[in-house]
Amino acid sequence: RLPGARVYVWLVIALACLFFIVTGIQFWVTSYLVNILGADQEQVVAAFGVTAIVAPILGVVIGGLWTDKVLGGYQGAQPMATALKWVFIFGVCSAGSAIACTWVQPFGGAYIVAVAFIGLTLVFGGAVIPTATGILIASVDSDLRQFASAGSRFAFQLFGYALAPLLSALVMQVA
């Protein structure tokens, strides 16, 4: 019955993609900032380290508060549809920030601009997580919620976290 739950399936795919992108960023960003943008490795590690910790946490807090306080939650068909629209908006902003990062040209201090775009990617990506995860579980029958939670976590681990470094390394090897 889970594959028939469209909202569940699409949110699992969307979140797995989000985790794939974030993992790829974390895996390759230092090399990109040092080798492509010419930044000092110590500065990159410090700037990205702070960004990688603060930005997603900030995003999760903002996303959760936005859904609860501004939207009034996601219980019911109409509130869930509204919350999903905001998940989409946050996702587009996250993707747009990630794409903008690739447009940064090498110049003195370019890595700060790139890290700022990565920070926005992580903030908006983090804002997706509380609402999308809550809707993911709320969208299935109550007797399937434990299985749905475990199945989604398995998909996130396999297709998000594990696949990102492998696939991106393969692309880098071929390119």
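None of these values were measured; they are calculated from a predicted model. (Residues numbered from 1 in each chain as written. Predicted model: local features only at pLDDT ≥ 70, side-chain atom pairs only at ≥ 80, totals over all residues. Heavy atoms only, no water.)

(A) Here's a closer look at the overall build of the protein chain. A count of helical and extended segments in the protein chain gives five helices and zero strands. Reading the protein chain from its N end, one meets helices and strands in the order α-α-α-α-α. Computed over the C-alpha atoms, the radius of gyration of the protein chain is 17 Å, within 12% of the 16 Å expected from 2.2 N^0.38 for a compact globule of 175 residues. Viewed in the frame of its principal axes, the protein chain has a C-alpha envelope of about 55 × 35 × 20 Å. Put simply, the protein chain has 175 residues, and 38% of those count as buried. (Helix = DSSP H or I, 4+ residues; strand = E, 2+ residues; numbered from the N terminus. Rg over C-alpha atoms; globule rule 2.2 N^0.38 Å. Buried < 20%, exposed > 50% of the residue type's maximum accessible area, 1.4 Å probe, protein only.)

(B) Molecular detail of the side chain of Ser 168. As for its placement among the helices and strands, Ser 168 is situated in helix H5 (residues 145-174). Using a relative accessible area of 18% as the deciding quantity, one classes Ser 168 as buried. The contacts of Ser 168, once residues within four sequence positions are left out, are Trp 28 and Leu 163. (Contact = heavy atoms within 4.5 Å.)

(C) Molecular detail of the packing of aromatic side chains. By the definition in use, this model includes six aromatic pairs. Aromatic pair Phe 19 and Phe 156: ring centres 5.1 Å apart, planes at 70°, arrangement edge-to-face. A residue pair is termed long-range when its members are at least 10 positions apart, and Phe 19 in helix H1 (residues 6-36) and Phe 156 in helix H5 qualify at 137 residues. Grouping residues by exposure puts Phe 19 and Phe 156 together as buried. Taking 5.1 Å as the distance between ring centres and 25° as the angle between the ring planes, the aromatic pair formed by Phe 19 and Tyr 161 counts as stacked. Taken together, the residues span a long stretch of sequence, with Phe 19 in helix H1 and Tyr 161 in helix H5 at a distance of 142 residues. Take Phe 19: its relative accessible area is 9%, and that puts it in the buried class. With relative accessibility at 33%, the residue Tyr 161 sits in the partly exposed group. Here a set of aromatic residues connected by ring pairs shows up, and it is made of Trp 66, Trp 86, Phe 90 and Phe 124. (Phe/Tyr/Trp six-rings, centres within 6.5 Å; stacked < 30°, edge-to-face > 60°.)

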